[in-house]
Amino acid sequence: MKKLSLFLMLILVLALAGCQTTEAPTVTPAVGETPLPTAEPTKPSLTKELHVFNWSEYIDLQIYADFEAEYGVKVIEDTFASNEDLLAKLQAGATGYDVIVPSDYMVAIMIQLDLLAELDYNNIPNFANIDPKFQDPPYDPGNKHSVPYQWGTTGIGYNLEAFDEPPDSWAYLFDPEVASQYAGKMSMLNDARETIGAALKYLGYSLNTTNAQELEEAKQVLIRQKAWVKTYDSEQYEDLIAADELLLAQGWSGDIFMAAAEDERLWYVIPKEGAVIWADNLCIPKSSKNQYTAEVFINYLLRPEVGAKISNFTWYASPNKAAAEFIDPEILAEPAIYPPPEVIEKLEWIRDVGDALPLYERIWTEVKAE
Ligand code: N2P
């Protein structure tokens, strides 16, 4: 009798355990049976939801819907406005994100801080679609933790009607004689490295300088400029130009071109002194519990047609070589989106400035607080 009830209990426990594994579609062999030999190792099952932490307006939302229709995984997106905001969120213990989109230098910082998972490329075969030029980048050798998503430049967006010639110099934003004419009609990104970087370029310095004197000069330039700046904003400056609130704005190439597609008075220029070139990347935080699903999603984004759909929406350049044939020819032919070599030469990547970072942070706090 005792034996029988023990046996029944065992059956009950097994049955209950079975109920909890509804997500695993694999057949579990009965006790005593040897597992069937399988050609491939079994994949983990997909989760029902995937949480993406992205820049605003950085993907055609239809792509999330298409992914859900095909895989049954609902994508939930949250947005951030700067790399530093993204990092701060993760460091504050935000653990719910499965895919994040840091820029180059921030990937390097996050690797150092051990925040990123190592990617399993068995699940991301479409990585082969990435242009070799964008593979194995210095900020993440071997792409161990990151897959390039989109790339672009940081320049000046403007209202064509307000300028006889393109405002092709940082002087339009920083030189007192020129910039004061646009007082209250200009904006800067709400981004420490970008704003300090632009001031450094205006002064003819590297935007990765660790020289305290050069940084002090940049700070003074930014403080002087405050009188003319209407807002520090990284998410709607293009709409503010279209709404005639602004005549010019420091901004990212695609944001401006996306707005220009709706309003032909808008345009974008890369300043002649040089500017930032950047690449944003798909990464999986170490804290994600859904790494496999995240990798399936990343692989999906790397399909040629999907890669093209991303750029056709964002107006940013794609590192996906196989996507090129599906990208709008107008985007591919635009030299301010895909700059020619002589322009690329003048561009500089933001790098991790290491020990000088607190100095950059202090300058930014002081500029904002003035
Ligand atoms: C998209 C912002 C692009 C990110 N709205 C710049 N790194």
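Residues numbered from 1 in each chain as written. Predicted model: local features only at pLDDT ≥ 70, side-chain atom pairs only at ≥ 80, totals over all residues. Heavy atoms only, no water.

Taken together, the residues surrounding the ligand are Trp55, Ser56, Tyr58, Ser103, Trp252, Asp255, Trp278, Asp280 and Tyr316. A distance of 2.7 Å separates a nitrogen atom of the ligand from a polar backbone atom of Ser56. One nitrogen or oxygen atom from the side chain of Asp280 is found 2.9 Å from a nitrogen atom belonging to the ligand. Protein chains bury 97% of the 260 Å² of accessible surface belonging to the ligand in isolation. Residues belonging to the shell around the ligand are distributed by class as follows: five nonpolar, two polar and two charged. (Near = heavy atom within 4 Å. Polar contact = N/O pair within 3.5 Å; in protein donor to acceptor, adjacent residues only side chain to side chain. Areas by Shrake-Rupley, 256 points an atom, 1.4 Å probe, with all protein chains shown as cover. Nonpolar A, V, L, I, M, F, W, Y, C, P; charged D, E, K, R; others polar.)

With that settled, the discussion passes to the sheet that holds strand S1 (residues 49-55). One open sheet accounts for three strands, arranged S2-S1-S3; its pairing is parallel. At either margin of the open sheet sits one strand with a lone partner, and together these are strand S2 (74-80) and strand S3 (99-100). In this structure, S1 lies alongside S3, joined through two bridges in parallel fashion. Each residue of the ladder has a partner; that of Phe53, found in S3, is Ile100. (Pairing = 2+ DSSP bridges. Helix = DSSP H or I, 4+ residues; strand = E, 2+ residues; numbered from the N terminus.)

In contact at an axis separation of 9 Å, helix H2 (residues 61-71) and helix H12 (residues 304-314) are set at 155 degrees when each is read in the N-to-C sense. Comparing the axis directions of H2 and H12 gives the class roughly antiparallel. Across the interface between the two elements, Gln62, Ile63 and Asp66 from H2 touch Val306, Lys309 and Ile310 from H12. For the contact of H2 with H12, the per-class residue count stands at three nonpolar, one polar and two charged. (Axes fitted to C-alpha atoms, helices over the stretch in contact; angles between N-to-C directions. Parallel < 35°, antiparallel > 145°, perpendicular 65-115°, else oblique. Contact = heavy atoms within 4.5 Å.)

This part covers the pattern of salt bridges. Here the structure, examined in full by the defined rule, presents twelve salt bridges. With a shortest N-O distance of 2.7 Å, Lys201 and Glu348 are connected by a salt bridge. Here Lys201, found in helix H7 (residues 192-202), pairs with Glu348, found in the loop between helix H14 (341-344) and helix H15 (357-369); they are 147 residues apart in sequence, far enough to count as distant. The pair Lys201 / Glu348 is uniform in exposure class, with both members buried. Between Arg265 and Asp263 there is a salt bridge whose closest N-O contact spans 3.0 Å. The same class applies to Arg265 as to Asp263, namely buried. A cluster of three or more residues bridged by salt bridges with shared partners is formed by Glu161, Asp244, Asp263 and Arg265. (Salt bridge = Lys/Arg side-chain N within 4 Å of Asp/Glu carboxyl O. Buried < 20%, exposed > 50% of the residue type's maximum accessible area, 1.4 Å probe, protein only.)

A few words now on the environment of Phe174. Assignment of secondary structure puts Phe174 in helix H5 (residues 171-174). On the basis of relative accessible area, Phe174 is assigned to the buried category, the value being 0%. Contacts of Phe174, omitting those with residues within four sequence positions, involve Ala179, Met188, Thr195, Ala198, Ala199, Tyr202, Val221, Leu222, Arg224, Gln225 and Trp228.

Moving on, we come to the confidence of the model for the protein. In this model, the protein carries a mean pLDDT of 91, and residues with pLDDT of at least 70 account for 89%. Within the model, the stretch residues 6-32 combines pLDDT values under 50 with eight contacts to residues more than four positions away or in other chains. (pLDDT = per-residue confidence, 0-100.)

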